[in-house]
Amino acid sequence: MYHDLIISGSGGQGALFAGQLLAYAAMDAGFQVTWMPSYGPEMRGGTAHCTVIVSDTPIGAPLVRNPQTVIALNRPSLDKYEPLTVSGGLLIYNRSLAGREPTRPDIVIVGVPGSDLAREIGDERVLNMVMLGVFLRLKPFLPLEAVCQALERHLGKRQRALLTLNHAALRRGFNLPAVPVPL
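All values reported here derive from a predicted model rather than from experimental measurement.

Draft legend 1. Fine view of the packing of aromatic side chains. Under the defined criterion, the tally for this structure stands at 2 aromatic pairs. For the pair Phe-31 and Phe-141, a centre-to-centre distance of 6.5 Å together with 85 degrees between the ring planes defines the contact as edge-to-face. A residue pair is termed long-range when its members are at least 10 positions apart, and Phe-31 in the loop between α1 (15-28) and β2 (32-39) and Phe-141 in the loop between α5 (127-138) and α6 (144-154) qualify at 110 residues. Across the pair, exposure class does not vary: Phe-31 and Phe-141 are buried alike. Between Phe-135 and Phe-141, the ring centres sit 5.9 Å apart and the planes meet at 75 degrees, which makes this aromatic pair edge-to-face. Residue Phe-135 shares its accessibility class with Phe-141, and that shared class is buried. Among the aromatic residues, those joined into a ring-pair cluster are Phe-31, Phe-135 and Phe-141.

Structure, rendered in structure tokens:
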């Protein structure tokens, strides 16, 4: 098993944490993992993305030019990574902030009103968990419960108040009725 993905958004949207959480959960499950963050100098409000690779064999390099999956949390991320997604790959994008529909006919495109769902849950800061839940539904190499357990173990003290909302957001994304069956 090998899967790579890029999670991208603005600083403060939680792209890096979503990738880190996935990496922790995969590592806890015994997989080989790389997590490589990248962010602009402004951090909050600037661009932020991370690359995550999960494999059952050693990983040669942490770099990915054409990811199998992209989770785009905002319009600039959609614009940047839609063309880079590998043919036959998966693009999960936040329809709430995209401002346009993706146009690639050779990839699977899943639009999620992520920001709207996060607000319904109670805090827009859990957008990243809504989108990660959708990803876990579509690429079920890790059970949702493994990621929930990793969330409990690895959520920082400053963010502990959001633990219940993060769990709710993961489950909401995972259980969205409009999301297709796993690919």
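Draft legend 2. Just the packing of α5 against helix α7 (residues 163-174), in detail. Contact geometry of α5 with α7 gives a least axis separation of 6 Å together with a crossing angle of 40 degrees. Between α5 and α7, the angle is such that the two are oblique. Read as a crossing pair, α5 and α7 show a hand that is right-handed. Each of Asn-128, Met-129, Val-130, Leu-132, Gly-133, Val-134, Leu-136 and Arg-137 in α5 lies in contact with α7, whose residues at this interface are Asn-166, Ala-169, Leu-170, Gly-173 and Phe-174.

Draft legend 3. How the structure looks around the pairing of strand β4 (residues 69-72). Going residue by residue along β4, you find Thr-69 and Ile-71 tucked away on one face and Val-70 and Ala-72 tucked away on the opposite face as well. Where strand β1 (residues 2-10) and β4 come together, 4 bridges link them in parallel fashion. Bridge pairing in β4 places Ser-8 opposite Ala-72. Where β4 meets strand β5 (residues 90-94), 4 bridges bridge the pair, whose relative direction is parallel. The residue of β5 that forms the bridge with Ile-71 is Ile-92. Crossover connection from β4 via helix α2 (residues 75-81) to parallel β5: handedness right-handed.

Draft legend 4. Representation of α7 within the structure. For α7, with 12 residues, the first-to-last C-alpha span of 17 Å sits near the 16 Å given by 1.5 Å per residue. Three or more residues of α7 are buried, namely Leu-163, Asn-166, His-167, Ala-169, Leu-170 and Gly-173. The arc that holds the buried residues of α7, viewed along the axis, is 165 degrees, so those residues lie on one side. The inward-facing, buried residues of α7 contact α4 (114-121), α5 and α6.

Draft legend 5. Here's a closer look at the packing of α4 against α7. With their axes 10 Å apart at the nearest point, α4 and α7 run at an angle of 135 degrees to one another. Looking at the two axes, α4 sits oblique to α7. Here the hand of the crossing between α4 and α7 comes out right-handed. Contacts between α4 and α7 pair Leu-117, Glu-120 and Ile-121 from the former with Leu-165, Ala-168, Ala-169 and Arg-172 from the latter. Of the residues that constitute the contact of α4 with α7, the class distribution is 5 nonpolar, no polar and 2 charged.

Cut-offs and rules
- Residues numbered from 1 in each chain as written.
- Predicted model: local features only at pLDDT ≥ 70, side-chain atom pairs only at ≥ 80, totals over all residues.
- Heavy atoms only, no water.
- Phe/Tyr/Trp six-rings, centres within 6.5 Å; stacked < 30°, edge-to-face > 60°.
- Helix = DSSP H or I, 4+ residues; strand = E, 2+ residues; numbered from the N terminus.
- Buried < 20%, exposed > 50% of the residue type's maximum accessible area, 1.4 Å probe, protein only.
- Axes fitted to C-alpha atoms, helices over the stretch in contact; angles between N-to-C directions.
- Parallel < 35°, antiparallel > 145°, perpendicular 65-115°, else oblique.
- Left-handed = near helix turned anticlockwise from the far one by under 90°.
- Contact = heavy atoms within 4.5 Å.
- Pairing = 2+ DSSP bridges.
- Right-handed = clockwise from strand over helix to strand, strands pointing away.
- Expected span 1.5 Å × (residues − 1).
- Arc of directions from axis to C-beta.
- Nonpolar A, V, L, I, M, F, W, Y, C, P; charged D, E, K, R; others polar.

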